[in-house]
Amino acid sequence: MTLIDRRILLAAAGAAIAAPALAQARPTLKIGLGPQQPTQADTRRVWEPVYKAIADKAGFNLELQVANDWAGIATALANEQIDVAQMGPWGYILAKVRGEARIINTMLVNGIPTYKAIIVGRPGLTIAKFPDDARGKSMQMLDVGSTSGWLVPTHFLRSKGIEPKTFFGRYAEGASAAAAQMATVNGQVDLATGWDTHRNTMIRNGTIQATSNTVVWESDPLPNECVVVSKSFPQARAEVLAAALAGLSDEEKKLLPWPYTGFVTATHAPYEVLEKMGRDLGVIRTS
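Residues numbered from 1 in each chain as written. Predicted model: local features only at pLDDT ≥ 70, side-chain atom pairs only at ≥ 80, totals over all residues. Heavy atoms only, no water.

(A) How the structure looks around the pattern of salt bridges. Inspection of the entire model under this criterion finds 13 salt bridges. A salt bridge links E275 to K96, with the nearest nitrogen and oxygen atoms 3.6 Å apart. Of this pair, E275 sits in helix α11 (residues 272-280) while K96 is found in helix α4 (residues 89-99), placing the two residues 179 residues apart along the sequence. Classification of E275 by relative accessible area gives buried; the value is 11%. One connected set of salt bridges, linked through shared partners, spans R26, K52 and D56. (Salt bridge = Lys/Arg side-chain N within 4 Å of Asp/Glu carboxyl O. Helix = DSSP H or I, 4+ residues; strand = E, 2+ residues; numbered from the N terminus. Buried < 20%, exposed > 50% of the residue type's maximum accessible area, 1.4 Å probe, protein only.)

Below, the structure written as structure tokens:
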């Protein structure tokens with residue numbers, strides 16, 4: 001064997017040793033998701049391909065977790081059990097206040113960064129004027145970590161001098177968005193909270209019809225769901241991730257479930273109104 005042959009073999013051996021080491025050095029991105037879909041398995045099935053593509057693009061390995069409720073994902077991020085969360089706006093506010101989480105991106109729905117909270121009524125229910133005509137009706141809200149399912153409707157009602165727990169004949173919290181919609185469709189409750197993007201998706205998927213229940217109230221436009229990083233997540237990595245999210249190609253955007261169309265880089269400013277609501281309700285203490 002010549003000297004040149006030996007050098008080639010040594011170089012090849014060195015490369016074979018280095019390759020696993022480089023693979024191990026690639027950082028793992030722990031991403032948490034809220035309960036967007038009817039089940040945790042559905043949420044994982046829909047979003048895992050999206051975040052696998054984003055993690056690969058940004059140079060990360062992926063570890064994906066799906067929370068049982070919106071409050072749970074906010075707690076996990078605030079406690080730094082995860083690095084990154086795709087979460088509702090109110091969950092972001094809670095994680096920011098309690099754990100100094102930082103927003104990096106806002107999600108786009110049909111090209112816009114806003115959505116609306118809604119309250120729907122069961123078939124045949126007549127609510128000419130909300131909330132006046134809803135007194136004594138049964139109400140199902142989502143969990144207290146939900147923006148549109150708890151924070152916004154609760155703030156709206158209390159701004160009218162109404163305490164939801166006593167105004168409605170039967171009041172409950174904690175349902176998933178899909179379960180709350182179906183409870184009105186099946187006539188189990190008179191009213192339920194939710195958000196327009198979710199209801200429109202259920203209609204598009206054929207889970208419900210546009211006439212299965214009726215929207216009796218909607219909020220002003222609210223800032224969309226967002227992508228948030230934990231307090232200690234390195235800023236350089238956050239910038240890489242934010243750029244990867246905002247820079248999805250047209251082909252990569254096809255992985256997104258309808259009606260999501262992409263991400264834009266974000267600041268806290270559009271979410272300040274929600275933080276104020278939380279302070280008004282006493283959930284966030286004003287220091």
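(B) Broad picture of the sheet that holds strand β10 (residues 214-218). Ordered by their spatial adjacency, 5 strands build an open sheet running β8-β7-β9-β6-β10, and the pairing between neighbours is mixed. Whereas interior strands pair on both sides, the edge strands pair on one side only; in this sheet they are β8 (170-175) and β10. Direction aside, the axes of adjacent strands within the sheet are offset by 30 degrees on average. Relative to strand β9 (residues 191-195), helix α8 (residues 196-204) is tilted by about 95 degrees, and along the sheet it contacts β6 (117-121), β9 and β10. (Pairing = 2+ DSSP bridges. Axes fitted to C-alpha atoms, helices over the stretch in contact; angles between N-to-C directions. Contact = heavy atoms within 4.5 Å.)

(C) Highlighting the layout of surface pockets. Approximately 350 Å³ is the volume found for the largest pocket. Breaking the lining of the largest pocket down by element, the ones donating at least two residues are α2 (40-58), α7 (177-185) and α8. Ranked by residue count, the leading element in the lining of the largest pocket is α8, at 5 residues. The residue inventory of the lining of the largest pocket, partitioned by class, reads 9 nonpolar, 7 polar and 3 charged. Size it by volume and the second largest pocket reaches roughly 150 Å³. (1 Å grid on protein atoms, 1.4 Å probe; cavity = no way out; pocket = protein on both sides within 12 Å on 5 of 7 lines; lining within 4 Å. Points joined across faces, edges and corners; volume = space filled by probe spheres on them. Nonpolar A, V, L, I, M, F, W, Y, C, P; charged D, E, K, R; others polar.)

(D) Geometry of the packing of α7 against α8. The N-to-C vectors of α7 and α8 enclose an angle of 70 degrees; their axes lie 11 Å apart at closest approach. One element, α7, and the other, α8, form an angle in the roughly perpendicular class. Classified by chirality, the crossing of α8 by α7 is right-handed. Two secondary-structure elements touch here, α7 through A177, A178, Q181 and M182 and α8 through H198, R199 and M202. (Parallel < 35°, antiparallel > 145°, perpendicular 65-115°, else oblique. Left-handed = near helix turned anticlockwise from the far one by under 90°.)

Functional significance is not addressed by these values, which are geometric in nature.
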